[in-house]
Amino acid sequence: MPLPQQLRGRMPQAVRDNQALRALALGAGLIPPRPMHSAAEGELLRTLVRDTGARAVVEIGVYEGSSAVVLCDALQPGADLHLIDPFVDERGTSLNFGWRANPTATRLAVRRAASEIRVHWHVARSQEVGRSWQAGPVDLVFVDGDHSYAGCMEDWEVWHPHVRPGGAIAFHDALGPRGSEGPTRVVAELFRLREPWEWRLLAEVDRMVVVRREE
Ligand SMILES: C[S@@+](CC[C@H](N)C(=O)[O-])C[C@H]1O[C@@H](n2cnc3c(N)ncnc32)[C@H](O)[C@@H]1O
């Protein structure tokens, strides 16, 4: 049972950002995962799961699990959710300075949300997981890991062949003044500055851009 929001809101920022305290509280269910998407972006993820009839979803970059919890809630019982994160911000582009998730605490938070979903953990770089992927076609990939241009482009190159026709890829932090430079540039080069091709822009909400593979 999470602590009431009023009580959590009174905690000094230094306490809220303390990695060890966050891990203990998250693991014990006293706090929810730190929110990393807007309400509208969460709704878009739910809609994508529903509209693609998703049975196999990949999230790249899990952190404390805020989007993983949304995906667990949206997916049908028995669906597969692959969660990929090395829990190391190698290039320092994906998180605010000083933030770092604890893999055990995140697993516990996701497990509480995932009673009927098959969750597969990959504590590794998404690019390596994608290169050796054997789990079949994917309906939806949510790209929210390495936010550098090179890292995000590598995610695209490695993962888009695994998405089935009619499936989608959602890029976070790829839009607007609060977007990150890397994903924004990747999306511009692949989908705004070239002729229409097999992949088309499908939706743009807050900082999230979704592209769909033609059937
Ligand atoms: C912005 S956070 C993800 C937020 C999460 N999607 C959510 O909604 O709560 C970025 C995460 O990407 C992870 N990351 C960094 N490089 C990565 C890589 N090469 N592969 C997968 N994840 C990576 C970081 O460890 C961090 O936890």
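The sections below set out a description of the structure shown in this document.

Criteria and cut-off values
- Residues numbered from 1 in each chain as written.
- Predicted model: local features only at pLDDT ≥ 70, side-chain atom pairs only at ≥ 80, totals over all residues.
- Helix = DSSP H or I, 4+ residues; strand = E, 2+ residues; numbered from the N terminus.
- Rg over C-alpha atoms; globule rule 2.2 N^0.38 Å.
- Buried ≥ 20, exposed ≤ 12 C-beta atoms within 10 Å, placed from the backbone.
- Pairing = 2+ DSSP bridges.
- Axes fitted to C-alpha atoms, helices over the stretch in contact; angles between N-to-C directions.
- Contact = placed C-beta atoms within 7 Å.
- Near = placed C-beta within 6 Å.
- Nonpolar A, V, L, I, M, F, W, Y, C, P; charged D, E, K, R; others polar.
- Right-handed = clockwise from strand over helix to strand, strands pointing away.
- Left-handed = near helix turned anticlockwise from the far one by under 90°.
- Expected span 1.5 Å × (residues − 1).
- Arc of directions from axis to C-beta.

## As for the overall build of the protein chain
Part 1: A tally of regular secondary structure across the protein chain gives nine helices and seven strands.
Part 2: Here the C-alpha radius of gyration of the protein chain, 17 Å, is about what a compact globule of 215 residues would show, namely 17 Å.
Part 3: Once the C-alpha set of the protein chain is aligned to its principal axes, its extents read approximately 50 × 35 × 30 Å.
Part 4: In the protein chain, which comprises 215 residues, the proportion classed as buried is 40%.

## Quick notes on the sheet that holds strand 6 (residues 199–205)
Part 1: The seven strands are arranged 3-2-1-4-5-7-6 in an open sheet whose pairing can be described as mixed. On the outer flanks of this sheet lie strand 3 (118–122) and strand 6, each paired with one strand and no other. Adjacent strand axes in the sheet meet at a mean angle of 15°, parallel and antiparallel pairs treated alike.
Part 2: Here strand 6 runs beside strand 7 (residues 208–213); their pairing, made up of six bridges, is antiparallel. Paired with L201 across the two strands is V211, which belongs to strand 7.
Part 3: Docked against the sheet, helix 5 (residues 66–74) engages strand 1 (56–60), strand 2 (80–84) and strand 4 (138–143), running at close to 170° with respect to strand 1.

## As for the site of the ligand
Part 1: Near the ligand there are 27 residues, and of these M36, G61, S67, S126 and G145 occur at the shortest range.
Part 2: Elements supplying a minimum of two residues to the shell around the ligand: helix 5 and helix 7 (126–131).
Part 3: Here the residues of the shell around the ligand are counted per class, giving 11 nonpolar, nine polar and seven charged.

## Overview of the pairing of strand 1
Part 1: With five of five residues buried, strand 1 lies mostly within the body of the structure.
Part 2: The alternating pattern of strand 1 places A56, V58 and I60 and V57 and E59 on opposite faces, both of which are buried.
Part 3: Note that strand 1 and strand 2 share five bridges and pair parallel. The partner of A56 across the bridge, within strand 2, is D80.
Part 4: Handedness of the β-α-β unit built from strand 1, helix 5 and strand 2 comes out right-handed.

## Some thoughts on unusual backbone geometry
Part 1: Backbone geometry places F87, a non-glycine residue, at a positive phi of 55°.
Part 2: You can see F87 is positioned in the loop between strand 2 and helix 6 (103–113).
Part 3: For F87, a count of 14 C-beta atoms within 10 Å corresponds to the partly exposed category.

## Points about the environment of R131
Part 1: With respect to the secondary-structure elements, R131 resides in helix 7.
Part 2: Take R131: there are 12 C-beta atoms within 10 Å of it, and that puts it in the exposed class.
Part 3: Residues R131 and V158 lie 27 residues apart in sequence; the distance between their C-alpha atoms is 6.1 Å.

## Brief notes about the packing of helix 4 (residues 39–51) against helix 5
Part 1: Orientation of helix 4 relative to helix 5, taken along the N-to-C sense of each, is 35°, at an axis distance of 9 Å. For helix 4 against helix 5, the interelement crossing comes out right-handed. Counting all contacts with helix 4, which are made through G42, L45, R46, V49 and R50, the residues of helix 5 involved are S67, V70, L71 and A74.

## Examining helix 4
Part 1: Here helix 4 is 13 residues long and its end C-alpha atoms lie 18 Å apart, about the 18 Å a rise of 1.5 Å per residue gives.
Part 2: Where helix 4 is concerned, the buried positions are G42, L44, L45, L48 and V49. Projected down its long axis, helix 4 carries its buried residues within an arc of 155°, all on one side. In helix 4, the exposed positions that point more than 90 degrees away from the buried face belong to A39, A40 and R50.
Part 3: Packed against the buried residues of helix 4 are strand 1, helix 5, strand 4, strand 5 (163–171), strand 6 and strand 7.
Part 4: The positive-phi residue at the C-terminal boundary of helix 4 is G53, with phi of around 60°.

## Considerations on the pairing of strand 5
Part 1: Bridge count between strand 4 and strand 5: five bridges; the pairing is parallel. Residue L140 lies in a different strand from strand 5, and its bridge partner there is A168.
Part 2: Traced from strand 4 through helix 8 (residues 149–159) to strand 5, the parallel crossover comes out right-handed.
Part 3: Bridge count between strand 5 and strand 7: four bridges; the pairing is antiparallel. The residue of strand 7 that forms the bridge with I169 is V211.

Just distances and angles here, no functional claims.
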